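# Overview (structure and organization)
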Amino acid sequence: MTPPLLELENLGVRFGGLQALDAIELAVQPGEIFGLLGPNGAGKTTLFNLISGITPPSRGRVLWRGSEITNLDPSRINRLGIARTFQNLRLFHSLNCRDNVLVGLHRQARLPWAAALLGTAAGRRRQQTLRDQAQHLLELLEIGSLAHQPAAALSYGDRRRLEIARALASGPELLLLDEPAAGMNPSEKEALRLLIRRLQSQFKLTVLIIEHHVPLMLSLCDRLAVLNFGKRIALGTPEAVRQDPQVIEAYLGVGGVV
Amino acid sequence: MGAAFHDASLLQQMLIGALLGLSVYLPLSCGQLSLATPGFYAIGGTTAALLSTRVPALGGGDPTYPLSSVMLEMAVAALVSGLLALGIGKLVLRLRGIYLAIATIALVEILRVTTLNQEALGGAVGIFGIPQPFNNPGGYAAFTLVVLALICWLFARLEDNRTGRAMAAIRDDELAAACQGIDTAQTKLLAFVFSALVAAITGVISAHFFNSWNARLGNFDASITTRAFVVFGGSRTWLGPVVGGLLLTALPELLRPVGDLRLIVFGLVILVGPLLAPQGLVTPERLQGLGRSLQGLRRAPGGGEPTEALDPGPR
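Given the structure is predicted, the values throughout are model-derived calculations rather than measurements. (Residues numbered from 1 in each chain as written. Chains lettered and ligands numbered in written order. Predicted model: local features only at pLDDT ≥ 70, side-chain atom pairs only at ≥ 80, totals over all residues.)

## Description of the overall build of chain B
Of regular secondary structure, chain B possesses twelve helices and zero strands. From first element to last, N terminus to C terminus, chain B shows the α and β order α-α-α-α-α-α-α-α-α-α-α-α. Since a compact globule built from 315 residues should have a radius of gyration of about 20 Å, the 21 Å found for chain B is in line with a globular shape. With the C-alpha coordinates aligned to their principal axes, the bounding extent of chain B is approximately 65 × 55 × 40 Å. Put simply, chain B has 315 residues, and 47% of those count as buried. In chain B, the proportion of contacts linking residues at least 24 apart, taken out of those at least 6 apart, comes to 80%. (Helix = DSSP H or I, 4+ residues; strand = E, 2+ residues; numbered from the N terminus. Rg over C-alpha atoms; globule rule 2.2 N^0.38 Å. Buried ≥ 20, exposed ≤ 12 C-beta atoms within 10 Å, placed from the backbone. Contact = placed C-beta atoms within 7 Å.)

Structure representation (structure tokens):
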């Protein structure tokens, strides 16, 4: 078996008196779509914040390809190959869609100082290539016609798509998607499921996804982990997780019908 | 002759206002409310005053002070304030919002009080008899216009490439920018240092133009005035602070006919401006709108030269 891409070892975080995450153990294999399920407040987004370097853990380690990345800052972690989207959408509102994606291309966009400053022919060609790349990503996410619209003018679903395009632009190996289907209707959700599958195979991505919509997660993910009150209560294939008594209890309460 | 003299002199002050506006704008364009500009402006002014009056070799043999020496002063002033900005920026840029503003006000005050109490730096009296590279304000205005054009061109280039986009991203959402792999600390430091360079170069020009320099020229009032240039003109494109600096420097002079009322009118403009145009006078949207209507005008009379019109493509 190949070594895991991302490993969480005994990871915990405490906010004052609240144990938001407790002793989380997780290993994500390269190429898989791994789902995180759990009721509101279970600590799913906090887990994303720990992985992406936004929140420092109180305890435990985060390993990327076997080496520790626990206390690195978000920009370093992104440069290692981990990109994310945000549950509450954090687009650059004053920029248009294409420029939002161009910001994602930041790492590749480096030009020699002279070329950037003087706008030499080579520099202009490079800028054009980057713009084309950004446009291409927008088109993959089916929002190519909105390239010149300000991000603030987009519909909710399109904003979610733009967040994914921007995250892909930084060239990640691991993509963290935080509730990408929130606010979408059933047909949009189905389209999103197909899109994630397509992007995953096209970019050879590993995907870690948080989503509340259980049917979507069961059909999309290779493996699932379920969190409740900061603890991992189940881990396994969708089929196994669906029948786990602890999961049924967390979602339906004790004595609930199946 | 008197009126022409006055006009060129006012124009020169307006250009200085535009340069200072650009200096305040740069950190602000990546979301950092720094009020340090007058501090670095004072470093530029003091450097020019000291070098030109204490180093005879710079004067050359001519009655007019050589322009090459002014350039040399600019280089020294830029180096001194650039290094200081680098050192201080690393510390103060960890602060956010109003705390950064307060820290930079403190920097301006420290520099002012130090200058005031050091006889070698001019003390309370200041430094007089700064030699003149130009013998009329028109010469100064022409020179400053070239400097301003050059700096505007640099700003326009910056906003069109990677670093400029990174700065805009940090302004909109610093955390999201970091998650796109942008080194936010380094980008903010770059803006802070570049802002200091612009202020220092402006100080060098001012010292020669004013003919004397003293510690009061870089004080807290100047922090607020230069900040007003950007609020009034707009902080979303480099053209905003230029327009704001030009207009707000000219306004008190243009209002001279109404006597002391002008101070009230000036205050009202600063108050009402942001209420009517919260984004400032110049915004990218308005510029685009202006561009479109200009294109419309150009095509309407001749029946159309439809070469590049209607192409919304790359800026």
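Let's pick the thread back up.
## Here we look at the interface of chain A and chain B
Taken together, the contact between chain A and chain B spans 30 residues of the former and 22 residues of the latter. Classifying every residue of the side of chain A that touches chain B by side-chain character gives eleven nonpolar, ten polar and nine charged. (Nonpolar A, V, L, I, M, F, W, Y, C, P; charged D, E, K, R; others polar.)

## Concerning the environment of Tyr140(B)
Residue and element names in this part refer to chain B. Structurally, tyrosine 140 can be placed in helix H5 (residues 137-160). Using a count of 24 C-beta atoms within 10 Å as the deciding quantity, one classes tyrosine 140 as buried. Residues tyrosine 140 and glycine 296 lie 156 residues apart in sequence; the distance between their C-alpha atoms is 38 Å. If we skip the residues at most four places from it in the chain, tyrosine 140 touches Gln12, Phe134 and Phe209.

## Observations concerning the domain arrangement of chain A
What the domain assignment lists for chain A is domain 1 (6-91 + 171-252) and domain 2 (95-153). Taken over C-alpha atoms, the centre of domain 1 of chain A sits 29 Å from the centre of domain 2 of chain A. (Domains from an automatic or database assignment.)

## Some thoughts on the sheet that holds strand S8 (residues 206-210) of chain A
All names here are of chain A. Strand order in the open sheet made by the six strands is S6-S7-S8-S3-S9-S10, with mixed pairing throughout. The outermost strands of the open sheet, each flanked by one partner alone, are strand S6 (82-84) and strand S10 (231-236). Neighbour-to-neighbour, the strand axes of the sheet open up by a mean angle of 15 degrees, direction not taken into account. With four bridges connecting them, strand S3 (residues 33-37) and strand S9 (residues 223-228) associate as parallel partners. Each bridged residue has a counterpart across the sheet, and for phenylalanine 34 the counterpart in S9 is arginine 223. Contacting S3, S6, strand S7 (174-178), S8 and S9, helix H1 (residues 44-51) crosses the sheet at an angle of about 150 degrees to S7. (Pairing = 2+ DSSP bridges. Axes fitted to C-alpha atoms, helices over the stretch in contact; angles between N-to-C directions.)

## Remarks on the nonpolar core
Grouped burial of nonpolar side chains is what soluble globular proteins tend to show. Counting residues in each nonpolar core, the largest one holds 156 residues, and the members touching the most others are Leu22(B) and Ala200(B). Counting only domains with at least three residues in this core, you end up with domain 1 (6-91 + 171-252) and domain 2 (95-153) of chain A. The contacts of Leu22(B), once residues within four sequence positions are left out, are Ile151(B), Phe155(B), Val198(B), Trp238(B), Pro241(B) and Val242(B). (Core = buried A, V, L, I, M, F, W, Y, C linked by C-beta atoms within 7 Å.)

## Focus on the pairing of S3(A)
All names here are of chain A. In terms of burial, S3 is largely enclosed, as five of its five residues are buried. Going residue by residue along S3, you find Ile33, Gly35 and Leu37 tucked away on one face and Phe34 and Leu36 tucked away on the opposite face as well. Judged from the four bridges that link them, S3 and S8 form a sheet pairing that is parallel. Bridge pairing in S8 places leucine 36 opposite isoleucine 210.

## Let's talk about the sheet that holds strand S1 (residues 6-15) of chain A
Residues and elements named next belong to chain A. Taking strand neighbours across the sheet as the criterion, the four strands line up as S2-S1-S4-S5 in an open arrangement whose pairing is antiparallel. The strands lining the two open edges of the sheet, one partner per strand, are strand S2 (18-28) and strand S5 (67-68). Two strands pair when backbone bridges link them, and S1 and strand S4 (residues 59-64) are joined in this way by five bridges, in the antiparallel orientation. Directly across from glycine 12, in S4, lies its bridge partner arginine 59. Contacts between H1 and the sheet are confined to S1, S2 and S4, with S2 contributing the most and set at about 65 degrees to the helix.

## Some thoughts on the packing of helix H6 (residues 162-172) of chain B against helix H8 (residues 184-210) of chain B
All names here are of chain B. Packing of H6 against H8 leaves a shortest axis separation of 10 Å and a crossing angle of 105 degrees. Between H6 and H8, the angle falls in the class roughly perpendicular. Residue-level contacts link Thr163, Ala166, Met167 and Ile170 of H6 to Thr184, Thr187, Lys188, Leu190 and Ala191 of H8. Here the contact of H6 with H8 is built from residues that sort into five nonpolar, three polar and one charged. (Parallel < 35°, antiparallel > 145°, perpendicular 65-115°, else oblique.)

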